[in-house]
Amino acid sequence: MTDPVLSIRNLTVEIPTRRGLFRPVENVSYDLRPGEIRGVVGESGAGKSMTGNAVIGLLDPPAHIAEGEIWLKGRRIDHLGAEDKRAIRGKEIGMIFQDPLTSLNPLFTVGEQLVETIQLHLKVSSDEARERAIALLDRVSIPNPAERFNQYPHQFSGGMRQRVVIALALCSDPSVIVADEPTTALDVSIQAQVLDLIKELAAERQVGVILVTHDMGVIADTTEEVTVMYAGKVVESGKTDRILGAPEHEYTRSLISAVPRPHVKLKRFPQVSYGGRETEFKIEDLARNWPKPEASSSGKLLEVKEITKQFVAKSSIIPSWNSYLTAVDHVSFDIRDGEVFGLVGESGSGKSTVARMIATLYGVDGGRILFDGEDMTAMDAEGIARYRRQIQMIFQDPFSSLNPRMTVADIVAEPLLHLGILPKADAKLRVRELLDRVGLAKDAWRKYPHEFSGGQRQRISIARALATQPRFLICDEPTSALDVSIQAQILNILKDLQEHLGLTMLFISHDLPVVRQMCDRVGVMKQGQLLELQETQALFDAPQHPYTRELLSLMPRLEQLPG
Amino acid sequence: MTDLTPTDQTSADDQGPAPSRLHQALDSDLAYSFRRSPVAMVSAAVSLTLILAAVFAPLFATTNPFDPASLNLMNGFTPPLQPNAFTGESFAMGTDDQGRDVYSTILYGMRISLFVGAAAVLFAMALGIVLGLLAGYLGGWVETLIMRVADIQLTFPSILVAMLIFGIAKGVTPVEYRDQMAIWVLILAIGLSDWVQFARVVRGATLVEKSKDYVDAARLIGRRAFPIMLRHILPNVLSPVLVIATISLALAIIAEATLSFLGVGAPPTQPSLGTLIRIGQGFLFSGEWWILFFPASTLLALALSVNLLGDWLRDALNPRLR
C-alpha cells in the first residue's frame, strides 16, 4: 500500500454562534491515497462540505478548526497561516465546486483563466502556458480546444463548463482534488460523462479525489472508498462495495434503504428511522371524511390533446416579427382515474410547462385540455373556477412555495376560505387535522415557514394541496430539493394519497428510479416533444425510443445495494 | 454548506406555550444585531430623544414661541446662559431678534420639521409602493408608463421638482390660506419628489417575488391580481421599503429645511428648523451666533442619527452583508 497523500486526523470544526458553540464537523478522520476516489456522503447539514472546506483552508469565519490535524504529503497544513494556505490551495489541492456557472469568471475567456492559473503556480512562459492549457482542454474532452480556448464561459454548456473547471483544477498538477457535489447541477447524461472523466483522470494522474455528494448512485458508480457522515460525525468508513452491500451502522442502513431502486417497484419505501425521526403518518384517517372518488365519464380524468406552448424569445414592436421558442410541441396523453402518470425528461424538456398549462397557470397556444370530459381551454374564468378545487399542485422548491409572511394555518386555509368551501371555524379544524395527518407537530399551525426544514415545508405544501379535497394532484419535482431519507417520507405520503384517497396524479421528475417507484405509466419528454409513452414496467424493461434507452443506461447501477 | 435550518423532527417534541410576541421580538436576529451595534444604539437614542422632545414640546419648552403674547422684545439677542441686560432673564440657548427663546423655538420647529418629513415620506411611500407593485406585477404598458415617468422625474434634481410643485400649489391657493396651506403643500412637494426610489425598489422586489411558487399557488386557486399583490407580495417587499423610508426621512427633513431656508417652506410665524436657520444666518456675522448654531446642530443631529439608523437597518436586514 502506498502512503496516503492526505490524511485527516480527528478533525473538529467549530462555529461560535449566539446560540452557543456549534460543531458542524466532529472528530472526523480519513486517509486518501494517490489515485483513489473517496466518497464523502451524507445528508445536508452532515458536515461533509465543511470537511472539504477545512482541507482547502476555505472555512468562512467564524468557523475554524478547533482540533485535529490535516497532513498533506507528510506536511501538517491545518495550522498554517493564510498566506501559506493560499500557496497550497490550487497548487497542491485543486477544487471543483457544485455550480460551474459561478466558479468561472464570466468576464475572461476560458483560455485566459487557464493561463493565469498555470502561470500562478508554474514558472512557464505564456506560450508554454497556452500550450498546456489547450492540452488540458483537450484532455477533459472539449472539442476543438484551440478554438474554444478563446471563448467565454457563457458560450459553454453546463457540462462543458464543469469540464473547464476540472481543467482549471488540474492546471498545477495537484496531488489532491476536492470535488464538492460536482455533478449535482447537471443533467443525468452529462453527470455520467463528468464522473467518468474524474475517474479516468484520478487513475491517470494519480490524484487523490475527495468526492463530496449526497447521491448514493454517484458513490456506487465512482468511488472505491466511502465515508458516511451524519450530524458532523463519521458513522462508517470503508470500501464502497462493503458499505453499500453490507452496511454495519444503523444510519447507513437507513440511508441506503431510502434510495429508490431502479429495478424493482416497492409498495412503499422502507421506514427510515434514525436520529429520532418519527415517520408514521395517518393519511388513512383522512379517507373517512374524503368524498368517494367519482369516476369520470370516460374513465379518463384528464385528456391532453396536442397542446403547444410558445414563449416569446425576442419581442418586437410588431407582433409578427416576434421570434418564438416552442417549449411544448403538440403533446398528447391522457391520465386515467386513480392513476399516477409520470413525465420524465432533462431540464428544458418542457415537462414543467405541461404541468403549468394543466394547472391553468399558463395559457395554451394550441390544442385542448379536457378535465373530466370538459374542455378547460375553452372555458371562461367562471367555468375554470369550478375546477379550481379539483386540481391542486405541489411545487418543487419548498423554500419558495410558501409565503414567508403567513402562518402555516393561514397558508393551508387560504384555498378553503378563498374558494368558500368551508366557513372559518370549520376551516381551522380542517387545517389542524391535515397538518396532523401529514406528520407535523401539534403546534405547527401557528408557526411561520422559516421555522421548518425543507421536508416539513413540503408536508405543509401537501396539506395545502389536500385542503380542498382535490381529485387531481400535480406534483412538479416534489422531492428533487430534498435529502434522500426525506424524499422517501414524502414519496410515501404521496403513495398513501393515491392508495387511500384514490387521488389521480401527474408526477413530474427527472429522476428515473423515483418515477419507477411512483408511476403507473410514464411519458418521456425531450425538447418539448413526447417521445415515448409506456406502462412503467414496459418502459424500464423494453424501452422503444433510443433516447429512453440512453436515459436508462445512464441510470446509476445500484445492484450491489441489498434489495 | 452549513445548514442551520431546523432538522426534520416530526415528533411533537416542541410543544410548550407559544412564546409571547414581545419575547419573540426581543429574541429576533434584528434585536440581536441592534444590541451588537453601538452606532445603532447611540443613533436610536439620539433620534428617540429628539423625536420625543419634539412630540412633547409643550412639556419641555419654557415658552410657547408661537404665542406672540408670551414674547418680550426686550429679551431680544440674549446670549446663551447670560442674564438679559434689561429683564435679567436667562436662556439656555439664548434668544433671537424678537426675544423668542431659541431652545423652545427649536423644540417647536423640530415638531414641524419632523411632521413634514414623516408625512412626506409616508405619502411618497404609499405612492411608490402602489405604483411599484402595479408596475412589477402587471408589467406591459403599465410598467412602461410608470417607470418612464419615474425616469423622467429622476433627471431633475428633486429639490427643483419640489420647488416647482410648491410654486404651482402656491399659485392656485388663495392668498388668505397660503400660510395655513404651506405645511401641506410642503408635504405634497417633498412627497411627490421622493416616490421614485420607493417605486423602483418595490418594482424590483415584486419582480423577484412574482416568480416564486407561492404566488403560483395563490393563482392556482383563482386569486386575482390585486388580492395577490396586497396579501402575498406586499408583505414580502416591505423590508427594503422600511430601509429606504428611514433614510428618506432624514433626506425629507433636510429637503424641508432646504425649502424653508430658501424661503419657500414653512412661514416665519410657524418656523421649522429650516426657517430658524434662515433667520439665524442673518445674524451669524454680527456676533449672535447662537441663533444659527443651535437649530443647525439640532438638524445635523437629527438627520445624522436617523440616517445612521437607516444604514444599520439596511445592513441588518440584508443577509448578504451579514
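What counts and what doesn't
- Residues numbered from 1 in each chain as written.
- Chains lettered and ligands numbered in written order.
- Predicted model: local features only at pLDDT ≥ 70, side-chain atom pairs only at ≥ 80, totals over all residues.
- Helix = DSSP H or I, 4+ residues; strand = E, 2+ residues; numbered from the N terminus.
- Contact = placed C-beta atoms within 7 Å.
- Rg over C-alpha atoms; globule rule 2.2 N^0.38 Å.
- Buried ≥ 20, exposed ≤ 12 C-beta atoms within 10 Å, placed from the backbone.
- Domains from an automatic or database assignment.
- Nonpolar A, V, L, I, M, F, W, Y, C, P; charged D, E, K, R; others polar.
- Pairing = 2+ DSSP bridges.
- Core = buried A, V, L, I, M, F, W, Y, C linked by C-beta atoms within 7 Å.
- Axes fitted to C-alpha atoms, helices over the stretch in contact; angles between N-to-C directions.
- Left-handed = near helix turned anticlockwise from the far one by under 90°.
- Parallel < 35°, antiparallel > 145°, perpendicular 65-115°, else oblique.
- pLDDT = per-residue confidence, 0-100.
- Expected span 1.5 Å × (residues − 1).

Quick look at the overall build of chain B now. Counting its secondary structure elements, chain B contains 13 helices and 0 strands. Secondary structure elements of chain B, listed N to C terminal, follow the sequence α-α-α-α-α-α-α-α-α-α-α-α-α. Put simply, of all contacts in chain B between residues at least 6 apart along the chain, 68% involve residues at least 24 apart.

A few words now on the overall build of chain A. Regarding its fold elements, chain A presents 20 helices and 20 strands. A globule of 563 residues ought to have a C-alpha radius of gyration of about 24 Å, and chain A, at 26 Å, matches this closely. By its C-alpha atoms, chain A is 75 × 60 × 45 Å across when sized along the principal axes. Burial status across chain A gives 45% buried among its 563 residues. Summarising the internal contacts of chain A: among those between residues at least 6 apart in sequence, 70% fall at separations of at least 24.

What follows concerns the environment of V514 of chain A. Residue and element names in this part refer to chain A. Within the fold, V514 resides in helix α18 (residues 512-518). Distance from V514 to K265, taken between C-alpha atoms, is 9.6 Å for residues 249 residues apart in sequence. Those residues in contact with V514 that lie beyond four places of it in its chain are P260, T479, L491 and S509.

Residue and element names in this part refer to chain A. Across the 9 residues of helix α1 (residues 48-56), 9 count as buried, placing the element largely inside the fold. Turning to α1, its buried residues are K48, S49, M50, T51, G52, N53, A54, V55 and I56. Looking one or two residues past α1, G57 carries a phi angle of roughly 80°, positive in sign.

For the rest of this paragraph, the subject is the domain arrangement of chain A. Residues and elements named next belong to chain A. For chain A, the assigned domains are domain 1 (34-47 + 86-257) and domain 2 (283-294 + 337-363 + 374-554). Each partner contributes to the interface: domain 1 provides 10 residues, whereas domain 2 provides 8 residues. Listed by contribution, the elements that provide at least two residues to the side of domain 1 that touches domain 2 are α7 (188-205) and α10 (250-257). Looking at side-chain class alone, the side of domain 1 that touches domain 2 contains 4 nonpolar, 4 polar and 2 charged residues.

What follows covers the sheet that holds strand β14 (residues 366-371) of chain A. Residues and elements named next belong to chain A. Taking strand neighbours across the sheet as the criterion, the 4 strands line up as β12-β11-β14-β15 in an open arrangement whose pairing is antiparallel. Unpaired on one side and paired on the other, β12 (323-336) and β15 (374-375) mark the two borders of the sheet. Here 10 bridges tie strand β11 (residues 300-314) to β12, and the two strands are oriented antiparallel to one another. The residue bridging V304 from the neighbouring strand is F333, located in β12.

Time to look at the pairing of strand β10 (residues 233-239) of chain A. Note: strand β9 (residues 225-230) of chain A against β10 of chain A, 6 bridges, orientation antiparallel. Residue pairing for β10 of chain A: E225 of chain A is matched across the bridge by K239 of chain A.

Turning to the pairing of strand β3 (residues 37-41) of chain A, a few remarks are in order. Residues and elements named next belong to chain A. Burial runs high along β3: 5 of the 5 residues are buried. Every second residue of β3 is oriented toward a common face, with I37, G39 and V41 on one face and R38 and V40 on the other, all of them buried. By the bridge criterion, 4 bridges tie β3 to β9 in an arrangement that is parallel. Paired with R38 across the bridge in β9 is E225.

With that out of the way, let us pick up the nonpolar core. Counting 236 residues, the largest nonpolar core has V412, L435, L506 and F507 of chain A together with L186 of chain B as its most contacted members. Among the elements that line this core, the one with the most residues is helix α5 (residues 102-138) of chain B, at 19 residues. Residue contributions to this core reach at least three from each of two domains, namely domain 1 (34-47 + 86-257) and domain 2 (283-294 + 337-363 + 374-554) of chain A. The residues touching L186 of chain B, leaving out its near neighbours within four places in the chain, are V116, F166, E256, L259, G265 and A266 of chain B.

The next subject is unusual backbone geometry. Residue and element names in this part refer to chain A. The backbone of N10 shows a phi angle near 50°, a positive value even though the residue is not glycine. Along the chain, the position of N10 falls in strand β1 (residues 6-17). What makes N10 exposed here is the crowd of 11 C-beta atoms within 10 Å. Despite not being glycine, H330 shows a phi value in the positive range, around 45°. Among the secondary structure elements, H330 is positioned in strand β12. Residue classification places H330 among the partly exposed positions, given that 14 C-beta atoms sit within 10 Å.

Geometry of a packed helix pair, given as the angle between the helix axes and the separation of the axes. Residue and element names in this part refer to chain B. One way to put it is that helix α10 (residues 213-220) packs onto helix α11 (residues 225-261) with a least axis distance of 11 Å and a crossing angle of 145°. Read as a crossing pair, α10 and α11 show a hand that is right-handed. Mapping the contact onto sequence places Y214, V215, A218 and R219 in α10 and I228, H232 and I233 in α11. Along the lines of polarity and charge, the residues of the contact of α10 with α11 split into 5 nonpolar, 1 polar and 1 charged.

Here we come to the environment of I486 of chain A. All names here are of chain A. With respect to the helices and strands, I486 occurs in helix α17 (residues 484-501). I486 gets classed as buried once you count the C-beta atoms within 10 Å, which come to 25. Remark: the alpha-carbon pair of I486 and A258, spanning 228 residues in sequence, is separated by 8.5 Å.

All names here are of chain B. Here helix α12 (residues 273-281) crosses helix α13 (residues 290-317) at 150°, and the two axes come no closer than 8 Å. What the angle tells us is that α12 and α13 run roughly antiparallel. Between α12 and α13 lies a crossing whose hand is left-handed. For the pair α12 and α13, the contacting residues are L273, L276, I277, I279, G280 and Q281 in the first and I291, L292, P295, A296, T298 and L299 in the second. Grouping the constituent residues of the contact of α12 with α13 by class yields 9 nonpolar, 3 polar and no charged.

What follows is about the sheet that holds strand β2 (residues 20-32) of chain A. Residues and elements named next belong to chain A. An order of β2-β1-β4-β5 is seen for the 4 strands of this open sheet, with the pairing classed as antiparallel. The outermost strands of the open sheet, each flanked by one partner alone, are β2 and β5 (75-76). With 7 bridges joining them, β1 and strand β4 (residues 64-72) adopt antiparallel strand pairing. Within the sheet, the bridge partner assigned to E14 lies in β4 and is H64.

The next point concerns the environment of S125 of chain A. Residues and elements named next belong to chain A. Tracing the chain through its elements places S125 in the loop between α3 (110-121) and α4 (126-139). Classification of S125 as exposed rests on a count of 9 C-beta atoms within 10 Å. Here the alpha-carbon distance between S125 and V115, two residues 10 residues apart in the chain, equals 9.7 Å.

Quick look at the confidence of the model for chain B now. On average, residues of chain B carry a pLDDT of 82, and 92% of them reach 70 or more. As scored by the predictor, the complex reaches a pTM of 0.81 and an ipTM of 0.79.

Turning our attention to helix α9 (residues 195-210) of chain B. Residue and element names in this part refer to chain B. For α9, spanning 16 residues, the distance from its first C-alpha to its last is 22 Å, which sits close to the expected 22 Å at 1.5 Å a residue. Of the residues making up α9, those classed as buried are W195, V196, F198, A199, R200, V202, R203, A205, T206 and E209. Where α9 is buried, its residues touch α5, α6 (140-154), α8 (178-192), α10 and α11.

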